[in-house]
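As a plain string of letters, each chain reads:
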Amino acid sequence: MNVAVFQLPSLPLKEDKLVSYLKNIEKGSVVVLGEYVLNLFFHELKGVSKDIINKTTQSKLLQLSKLAKKYNLIIIAPVLCGDEKKLYKKIAIIDATKTDFYMQQKLIGYDDWNEEAFFANPKSKSFKLPYIFEKDGLKIAVLFGFEIHFDEIWLKMKNIGVDVVILPTVSTFESNQRWRELCKSRAFCNSCMIVRVNRIGEYNYKGYEWKFYGDSFVALPNKEIEDSLNEKEGVLCIKIEKRQIEEFVKEWNFR
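Quick caveat, the model's predicted, so the values are computed rather than measured.

Caption draft 1: The arrangement of the layout of surface pockets in detail. Its volume calculated, the largest pocket comes out at about 350 Å³. Class assignment for the residues of the lining of the largest pocket results in seven nonpolar, seven polar and six charged. Here the second largest pocket is characterised by a volume of approximately 260 Å³. Every residue along the wall of the second largest pocket is listed here: Tyr102, Met103, Gln104, Gln105, Lys106, Pro122, Ser124, Lys125, Ser126, Phe127, Lys128 and Leu129. The residue inventory of the lining of the second largest pocket, partitioned by class, reads five nonpolar, four polar and three charged.

So this is what it looks like as structure tokens:
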């Protein structure tokens, strides 16, 4: 399976910019975007009507659907969608024939970043399996970055033998090393690969600069980082084979 990690800031997403990236991606690849790339960042949403946010998202989803069909790709992109009253935080999984969605199960609920209060995602005390699909013999899960912190959902993925976890994030401040250690540990204990996709860009909130530092990477089941994009806009293309995962599963016998 070929995966193309797109490390980008929030984009107006004009088709000419997307095409400039997508036209060079190998057909059949899985393309992944970070959180708040197709939409404004969380704090920038205040003052924008939910209806406008949703209509903008629907326009972008239609555009991505056409591009997925044209270039024979699977595009995984976090989005904000709903109606004029409610917004939901989801990940769209788009291929040539359809668009599916994964609804984030656990949202950030901190004083200075309270997605839980803003979005209408259902609240539950227990986790369900995330969105799962198969490609080239690999079992692939799609999960939001904040959900890396909750053991229950990772145990569910481990029990069904998930090989690859696609993890869009919107990490900021000085959390770089912590995210690396988290992803390496989860990959090791679950005998899976984690494709972490973080956005870039800056946002000034109440006089403080929030820097989204990128560092998109692939964490291997042996607790190593294979490839990484630094802080600049770019694309990371990787190839993942089932036999790679099977070797780690057999060696460590964790699942």
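Caption draft 2: Region of interest: the environment of Phe42. Considering the arrangement of structural elements, one finds Phe42 in the loop between strand S2 (30-33) and helix H2 (50-71). A sequence separation of 73 residues divides Phe42 from Glu115, and the C-alpha atoms of the two residues are 7.6 Å apart. Apart from the residues lying within four places of it in its own chain, the contact partners of Phe42 are Tyr36, Trp113, Asn114, Glu115, Phe118 and Phe119.

Caption draft 3: Up close: the packing of helix H4 (residues 151-159) against helix H5 (residues 176-190). At a minimum axis separation of 10 Å, H4 and H5 run at an interaxial angle of 35 degrees. Here H4 and H5 pass one another in a crossing that is right-handed. Residue-level contacts link Asp151, Trp154, Met157 and Lys158 of H4 to Arg186, Cys189 and Asn190 of H5.

Here is what the cut-offs are and how they apply
Residues numbered from 1 in each chain as written. Predicted model: local features only at pLDDT ≥ 70, side-chain atom pairs only at ≥ 80, totals over all residues. Heavy atoms only, no water. 1 Å grid on protein atoms, 1.4 Å probe; cavity = no way out; pocket = protein on both sides within 12 Å on 5 of 7 lines; lining within 4 Å. Points joined across faces, edges and corners; volume = space filled by probe spheres on them. Nonpolar A, V, L, I, M, F, W, Y, C, P; charged D, E, K, R; others polar. Helix = DSSP H or I, 4+ residues; strand = E, 2+ residues; numbered from the N terminus. Contact = heavy atoms within 4.5 Å. Axes fitted to C-alpha atoms, helices over the stretch in contact; angles between N-to-C directions. Left-handed = near helix turned anticlockwise from the far one by under 90°.

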